[in-house]
Amino acid sequence: MANSFQIFKDQQFQSIAISHFNTILGTSLLVPVLPVFLHNSGLSETQIGLIMGATAMSSLIIRPWIGFQVDTKGSRPVILLGQIVLILSTVGYWWATSFLGFFVLRFLYGIGQAFYGTGAVTFASSIGSGESNSNSIAMYTLTTMCGLGLSMSMAQVAFDNFGFNTLVGISVILIGIAFNVMKWHSQPIQLAARNVVRAPFMDVLKSNVVCASTLSQFAASFAFSAALTFIPLAAIDKGVDFYSLFFIAFAISVVFSRLFVQKISHILGLLNATLYASITMLLGILLLLITISPIMLVLSGLLFGLGFGVVYPTLVLLLVERIQQTNRGTALGIMIAAGDIGTALSAAILGGVAEHLGYFVLFSTTALLLAICTYYFYSILVRSDDKISDN
């Protein structure tokens with residue numbers, strides 16, 4: 001573990017770590033309470049699902065294009081532009097009152113998230129080489145979960161005590177701090193030589209490692225969006241008002257798993273680590289089919305967090321390991337776009353499922369999709385690697 005933290009001495013990593021932590025903390029502070037706020041404002045589950053899914057819809061449209069821009073123009077300007085858009089879309093909550101208003105804000109937020117997220121992960125994956133590069137990715141994803149975990153743990157309490165508008169103000173301040181850190185403390189990442197030949201977009205898309213990674217990221221994002229949007233509503237429906245039990249347990253386990261993701265990947269290998277993590281997420285969802293009670297929310301959050309904490313960084317490491325640097329932004333953009341598809345479909349489709357068929361069918365659908373995508377990840381990469389080694 002001591003070697004892993006050496007990366008924090010690098011000024012470039014300090015910049016992205018501090019900026020990323022504050023960006024994630026600021027943007028995620030509203031997400032756990034937004035469905036409840038929208039429900040209290042008189043919107044239906046279907047409308048809430050469409051609003052929450054608007055972010056992924058807009059991200060999906062431009063994410064692959066942004067990946068190409070990162071490869072050709074650099075990740076730092078893309079990060080800064082994304083943070084500006086995130087601030088603008090967050091400020092708008094002070095004036096939004098209708099379904100259309102909230103939908104437009106979440107759509108704009110998705111554009112900002114697409115710019116910021118693609119630029120940030122490419123920036124982090126371009127720091128150092130070899131072991132230092134692996135440390136950078138692992139610790140970068142740890143800052144993600146620290147920000148996400150802290151925001152999810154405190155969001156409901158802050159919302160109940162200070163109100164939604166105050167949370168909006170705190171979110172804007174945190175993203176503003178992140179922007180200034182990135183603007184004044186970081187340096188541009190050196191781009192690959194302009195005469196270097198890059199693989200065509202479709203060739204990158206059709207490679208086995210990118211196909212398998214997109215499936216796994218799609219399933220993880222679909223399940224995460226389902227949990228984030230509908231567990232609070234399902235818990236309240238079952239009479240469990242303190243739905244943050246799931247998010248607190250999730251935060252603890254996801255940060256723990258991110259601390260040891262490098263060691264887990266080294267012991268199991270990147271492919272098996274991703275496979276087992278997906279299965280652990282699946283078990284967390286299946287627990288919700290038994291009953292939704294305080295103890296079950298805690299157990300589900302622990303399992304779901306352990307799996308989710310491993311899936312994303314191992315997928316990033318897998319692409320960094322197998323895709324040449326000149327196409328890294330494109331490959332990462334495709335993978336993250338798959339996550340956008342999962343998030344968009346989850347929120348949009350499951351809102352109607354919850355409203356008309358109930359939460360048991362909603363979580364059953366989520367578990368089934370996660371199981372199918374996990375099997376295909378195994379078929380495309382894990383089993384094919386076994387066949388190669390057998391030969």
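Every chain is numbered on its own, with residues counted from 1 as its sequence reads. Reporting of local features is limited, given that this is a predicted model, to residues whose pLDDT is at least 70; pairs of side-chain atoms are given and counted only at 80 or more, and all residues count toward the totals for whole chains, interfaces and linings. With hydrogens and water set aside, each side-chain value is computed from the structure's full complement of heavy atoms.

### Focus on the packing of helix H11 (residues 261-268) against helix H13 (residues 294-322)
Thinking step 1. Lines fitted to the C-alpha atoms define the axes, with helices restricted to the stretch that makes contact. Angles between their N-to-C directions range from 0 to 180 degrees. Helix numbering and strand numbering both begin at the N terminus, where a helix is a DSSP run of H or I of at least 4 residues and a strand a DSSP run of E of at least 2. The interhelical angle for the contact between H11 and H13, taken along N-to-C directions, is 70°, at an axis separation of 10 Å. By the angle between their directions, the pair H11 and H13 is classed as roughly perpendicular. In this structure, H11 uses Val261, Ile264 and Ser265 to contact H13, whose residues at the interface are Gly309, Val310, Pro313 and Thr314.
Thinking step 2. Just so you know the grouping, Ala, Val, Leu, Ile, Met, Phe, Trp, Tyr, Cys and Pro go in nonpolar, Asp, Glu, Lys and Arg go in charged, and all remaining residues, Gly too, go in polar. Partitioned by chemical class, the residues of the contact of H11 with H13 number 4 nonpolar, 3 polar and no charged. These descriptions rest on fixed angle ranges, namely under 35 degrees for roughly parallel, over 145 for roughly antiparallel, 65 to 115 for roughly perpendicular, and the rest for oblique. Throughout, a residue-residue contact means that at least one pair of heavy atoms, one from each residue, lies within 4.5 Å.

### Structural notes on empty space enclosed by the protein
Thinking step 1. Residues are said to line a cavity or pocket when one of their atoms sits within 4 Å of a point; the points come from a 1 Å grid over protein atoms alone, cavities being sets where a 1.4 Å probe fits but cannot get out and pockets being open sets with protein on both sides within 12 Å along at least five of seven lines. Grid points are joined across faces, edges and corners, and a volume is the space filled by probe spheres set on the points. Inspection of the entire model under this criterion finds 4 cavities of 30 Å³ or more.
Thinking step 2. The space that makes up the largest cavity amounts to roughly 840 Å³.
Thinking step 3. Ile24, Gln113, Phe224, Phe308 and Thr343 are, among the 37 residues lining the largest cavity, the residues nearest its centre.
Thinking step 4. For the lining of the largest cavity, the secondary structure elements donating two or more residues are helix H1 (11-28), helix H3 (45-73), helix H5 (99-124), helix H6 (131-162), helix H9 (208-237), H13 and helix H14 (328-356).
Thinking step 5. Ranked by the residues each element gives to the lining of the largest cavity, the list is headed by H9, at 7 residues.
Thinking step 6. Class assignment of the residues belonging to the lining of the largest cavity gives a composition of 18 nonpolar, 15 polar and 4 charged.

### Description of H11
An α-helix turns once every 3.6 residues. As a result, residues three or four positions apart point the same way.
Thinking step 1. For H11, the full list of buried residues reads Val261, Gln262 and Ser265. One side of H11 carries all its buried residues, which in axial view fall inside an arc of 105°. Among the exposed residues of H11, those pointing more than 90 degrees away from its buried face are His266 and Ile267.
Thinking step 2. Looking one or two places after H11, you find Gly269, whose phi comes out positive at around 90°. Residue burial is assigned from relative accessible area. The probe radius is 1.4 Å, only protein chains are included, and a residue is buried under 20% of its type maximum, exposed over 50%, and partly exposed in between. This arc is built from the directions going out from the helix axis to the C-beta atoms.

### A look at the packing of helix H4 (residues 75-91) against H5
Thinking step 1. Between H4 and H5, whose axes approach to 7 Å, the crossing angle comes to 155°. As judged from the angle between their axes, H4 and H5 are roughly antiparallel. Between H4 and H5 lies a crossing whose hand is left-handed. Taken together, the residues of H5 that come into contact with H4 (itself represented by Ser75, Arg76, Val78, Ile79, Leu81, Gly82, Gln83, Val85, Leu86 and Ser89) are Leu105, Leu108, Tyr109, Gly112, Gln113, Phe115, Tyr116, Gly119, Ala120, Thr122 and Phe123.
Thinking step 2. Residues that form the contact of H4 with H5 fall into these classes: 12 nonpolar, 8 polar and 1 charged. By definition, turning the near helix anticlockwise from the far helix through less than a right angle yields a left-handed crossing, and turning it clockwise yields a right-handed one.

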